[in-house]
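# Analysis of the macromolecular model
Listed here are the chains, written in short residue letters.
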Amino acid sequence: MKCARFSYHRAVDVADAVTALAEADGEGKLLAGGQSLVPVMALRMAAPEVIVDVNRIPGLDHLEVHDGVLRAGALVRHAALAGQTLHPLAAAAARWIGHAAIRSRGTLAGSLAHADPSAELPAVLRACDGAVHVAGPGGSRRVDAAALFTGALQSDVGEDEMITAVELPCPDAWGFAEFARRHGDFAVVSVAAARFGSELRIVVGGVAGTPHLVPAGDLDGPLDDARVASLADAAADDVDPPSDLHGSAGHRRALTREMTRRALASVAATPAREPV
Amino acid sequence: MRITLTVNGEQHRLTVEPRRTLADALREDLGLTGTHLGCEHGVCGACTVLVDGEPVRACLMFAVQAEGCAVATVEGLAEPDGTLHPLQEAFSVCHGLQCGACTPGMLMTAAHLLAVEPDPDRERIRAEMAGNICRCTGYVGIVDAVASAAAALAQDERP
Ligand SMILES: Cc1cc2nc3c(=O)[nH]c(=O)nc-3n(C[C@H](O)[C@H](O)[C@H](O)COP(=O)(O)OP(=O)(O)OC[C@H]3O[C@@H](n4cnc5c(N)ncnc54)[C@H](O)[C@@H]3O)c2cc1C
Ligand code: FES
Ligand code: FES
């Protein structure tokens, strides 16, 4: 239960972190909140030779809205995301992550890079059709949510790359619902729903290797109870969840229906935003 | 690596291997064995301490990351003359502990909770303490203790 030996590099800026990763030649790992990486190292399921600590890089904890898009630095902690009011959907989702001692360390970019199929923030990124900025030896690039998650615990971030910032468009109306076996546990099923104008986006977490976008189409009429119920049924039909010790496929399908219903009920109840 | 950190107000200089967790540095290098270890991978909460006022799993932070930080552990809760902190008093009175393995983490988690939310109801206490596992008490005594400490602290605050 003790980590294997590694050498430690405290990065001073993004370029320094990326260089250190390149020099480690595939044997390096970025350390952000450590809430996923350190358990894996303690269990010796990973034994990186070089740890590049990004926690002291200045200027990566900003949170601001420009043109209806929340721009967040890589080191925004779950606690900060949960406490802000600029993007209420991200705040609601972040409150479901683990416990206070996890949220005080865990970071937004770490959660997206780690890409746990049950994690809340990847589902939110997908529901808002957001993107991440990734810095690497060859410069920086932008990766859309649709391309970022490539499989369970796999993201399109190279071993010599670092997510530096996250873009989360602010929806006009939103909802988030989750079922977990115990407060703070990983979700069995979670649903993030976001409405942008007449476009409704429903994303289910915990039912596949990556956040699952349910084709919901355009909202032509009102989002009344009947419409919510039919969309919830459609979501339950659309997913093909696995069975494991946390829940059978049937249980997850039933949860998808109910969590979608709850998330959409919040979308319907979101007050119209003040025109700015 | 050489590091400097403050624990319960006292500054320490240490030389540690990078893989030394903060929990092991506290226990093995500083002899502060009040911080307990259960799972050593983040799930049980026994090792919870405060770093710069925020609750942290000391098994998921490397000691080198605490360079320049102020760490608060269970040893710092009681007064120097041994007078128990209201939380410790309440855990004792309400049977909030049996074997004590989980207790340091429970106390530090509760200390943070009451610092940011002085008057939580029982549901909030249950939710916030859910990250700390206890194999003995069945939790009712722990919830009682945190509620009773909150009341005692509110009483102390009164002019
Ligand atoms: C008890 C417990 C309960 C938890 N419950 C939940 C939960 O309910 N929901 C949930 O979503 N999560 C949960 N987590 C995990 C937590 O959210 C982590 O914070 C998150 O998954 C990873 O973020 P991190 O900053 O801790 O990353 P780290 O653990 O530091 O890193 C994780 C991975 O991402 C890479 N990485 C980190 N930062 C970057 C970056 N900027 N660019 C590129 N790669 C990067 C690392 O190299 C590593 O491979 C829990 C953890 C614990 C210990
Ligand atoms: S020992 Fe750190 S959480 Fe269990
Ligand atoms: S008192 Fe024994 S584990 Fe909690």
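Residues numbered from 1 in each chain as written. Chains lettered and ligands numbered in written order. Predicted model: local features only at pLDDT ≥ 70, side-chain atom pairs only at ≥ 80, totals over all residues. Heavy atoms only, no water.

Identification of chain B as (2Fe-2S)-binding protein from Actinomycetospora endophytica is taken from an unreviewed UniProt entry.

An unreviewed UniProt entry lists chain A under the name FAD binding domain-containing protein, with Actinomycetospora endophytica given as the organism.

## A look at the interface of chain B and chain A
What counts is decided by this rule: Residue contacts are counted whenever heavy atoms from the two residues lie within 4.5 Å of one another. Accessible area, probed at 1.4 Å, shrinks when two parts are joined; the buried area is that loss added up over both. Salt bridge, as applied in this entry: a Lys or Arg side-chain nitrogen positioned within 4 Å of an Asp or Glu carboxyl oxygen.
Taken together, the 29 residues of chain B in the interface contact 31 residues of chain A. Between chain B and chain A, a total of about 2400 Å² is buried, with carbon and sulfur atoms accounting for 57% of that surface. Considering only the side of chain B, the residues that lose the most area to chain A are Arg19(B), Leu60(B) and Phe62(B), jointly responsible for 26% of the buried surface there. Inspection of the chain B/chain A interface yields four salt bridges.

## Considering the environment of Phe179(A)
Residues and elements named next belong to chain A. In plain terms, the rule: A helix here means a DSSP run of H or I that spans at least four residues, while a strand means a run of E at least two residues long, and both kinds are numbered starting from the N terminus. Buried, partly exposed and exposed residues are distinguished by accessible area as a fraction of the type maximum, computed with a 1.4 Å probe on protein chains only: under 20%, between the cut-offs, and over 50%, respectively.
Checked against the element boundaries, Phe179 lands in strand β11 (residues 173–179). Given a relative accessible area of 31%, Phe179 falls into the partly exposed group. Sequence-wise, Phe179 and Glu258 are 79 residues apart; in three dimensions their C-alpha atoms are separated by 9.4 Å. Discounting residues that sit within four places of it in the chain, Phe179 has contacts with Ala187, Val188, Val189, His251, Leu255 and Met259.

## Observations concerning helix α3 (residues 103–116) of chain B
Residue and element names in this part refer to chain B. Rules: What a helix should span is 1.5 Å times the count of its residues minus one.
Taking 1.5 Å per residue as the helical rise, α3 with its 14 residues ought to reach 20 Å, and the 20 Å between its terminal C-alpha atoms agrees with that figure. Within α3, 12 of the 14 residues are buried, leaving the element largely enclosed by the surrounding structure. Those residues of α3 that sit buried are Thr103, Pro104, Gly105, Met106, Leu107, Met108, Thr109, Ala110, Ala111, His112, Leu113 and Leu114. For α3, the elements touching its buried residues are β3 (48–51), β4 (54–57), β5 (70–72), α2 (86–93), α4 (122–129) and α5 (140–157).

## Topic: the domain arrangement of chain A
Residue and element names in this part refer to chain A. How we decide: For the purposes of this description, domain bounds are those given by an automatic or database domain assignment.
By domain assignment, chain A separates into domain 1 (7–52), domain 2 (63–169) and domain 3 (173–269). Summing both sides of the interface, domain 1 and domain 2 together bury roughly 1000 Å²; the carbon and sulfur share of this comes to 72%. For the pair domain 1 and domain 2, the number of links is zero salt bridges. Residue contributions to the side of domain 1 that touches domain 2 peak at five residues, all from helix α1 (residues 14–24).

## With respect to the packing of aromatic side chains
In this description, an aromatic ring pair is defined by two values, namely the gap between the centres and the angle between the planes. We count it as follows: Only rings of Phe, Tyr and Trp enter the pairing, Trp through its six-membered ring, and a pair is recorded when the two centres are within 6.5 Å. The plane angle decides the type: under 30 degrees is stacked, over 60 is edge-to-face, the rest tilted.
Tallying each qualifying case throughout the model produces one aromatic pair over all chains. On the basis of an interplanar angle of 65° and a centroid distance of 5.0 Å, the ring pair of Phe6(A) and Phe62(B) is categorised as edge-to-face. Of this pair, Phe6(A) sits in the segment before β1 (7–10) while Phe62(B) sits in the loop between β4 and β5, which puts the two residues in different chains. Residue Phe6(A) is classed as buried on the basis of its relative accessible area of 8%.

## A few points about a negative patch on the surface
Heads up, the condition is: Two joining distances apply to patches: 9 Å for like charges and 5 Å for nonpolar side chains (Val, Leu, Ile, Met, Phe, Trp, Tyr), and every residue must have over 30% relative accessible area and no salt bridge. Each accessible area is a Shrake-Rupley result for a 1.4 Å probe, and residues are judged covered by the shown protein chains and nothing else. Counting rule applied: Lys, Arg positive; Asp, Glu negative; His and chain ends not counted. Charged groups are reduced to one reference atom each: NZ for lysine, CZ for arginine, CG for aspartic acid, CD for glutamic acid.
Taken together, Asp25(A), Glu27(A), Glu49(A) and Glu159(A) make up a surface patch of like negative charges. With respect to the helices and strands, the residue Glu27(A) is situated in the loop between α1 and β2 (28–31).

## Thoughts on the nonpolar core
Put simply, the test is: Nonpolar cores are built from buried Ala, Val, Leu, Ile, Met, Phe, Trp, Tyr and Cys residues. Side-chain atoms within 4.5 Å join them into one set.
Residues Leu81(A), Leu112(A), Val124(A), Leu125(A), Val132(A), Val166(A) and Leu168(A) are the most contacted members of the largest nonpolar core, which totals 36 residues. Inspection of this core shows a minimum of three residues originating in each of domain 2 (63–169) and domain 3 (173–269) of chain A. Judged by nonpolar contacts, the second largest core, of 32 residues, contains Ile51(A), Leu14(B), Val51(B) and Val71(B).

## Description of the sheet that holds β11(A)
Residues and elements named next belong to chain A. Put simply, the test is: Paired strands, as defined in this entry, are two strands with at least two bridges between them according to DSSP. Where helices are involved, their axes are fitted lines through C-alpha atoms of the stretch in contact, as for all axes, and angles between N-to-C directions lie from 0 to 180°.
An order of β11-β12-β13-β14 is seen for the four strands of this open sheet, with the pairing classed as antiparallel. Taken across any chain shown, the strands that pair with only one partner, and hence form the sheet edges, are β11 and β14 (212–214). Between one strand and the next, the sheet's axes are offset by a mean angle of 20°, whatever the strand orientation. Judged from the seven bridges that link them, β11 and strand β12 (residues 189–196) form a sheet pairing that is antiparallel. If you follow Phe176 over to β12, its bridge partner there is Ala192. Seen against the sheet, helix α10 (residues 249–269) touches β11, β12 and β13 (199–205) and runs at an angle of roughly 150° to β11.

## Describing the sheet that holds strand β1 (residues 2–7) of chain B
Residues and elements named next belong to chain B. Read from one edge to the other, the open sheet built from five strands follows the order β2-β1-β5-β3-β4, with strand pairing classed as mixed. Since the sheet does not close on itself, it has two edges, and those belong to β2 (10–15) and β4, each with one partner. Neighbour-to-neighbour, the strand axes of the sheet open up by a mean angle of 40°, direction not taken into account. Judged from the two bridges that link them, β3 and β5 form a sheet pairing that is antiparallel. Directly across from Val51, in β5, lies its bridge partner Val71. Relative to β3, helix α1 (residues 22–29) is tilted by about 100°, and along the sheet it contacts β1, β2, β3 and β5.

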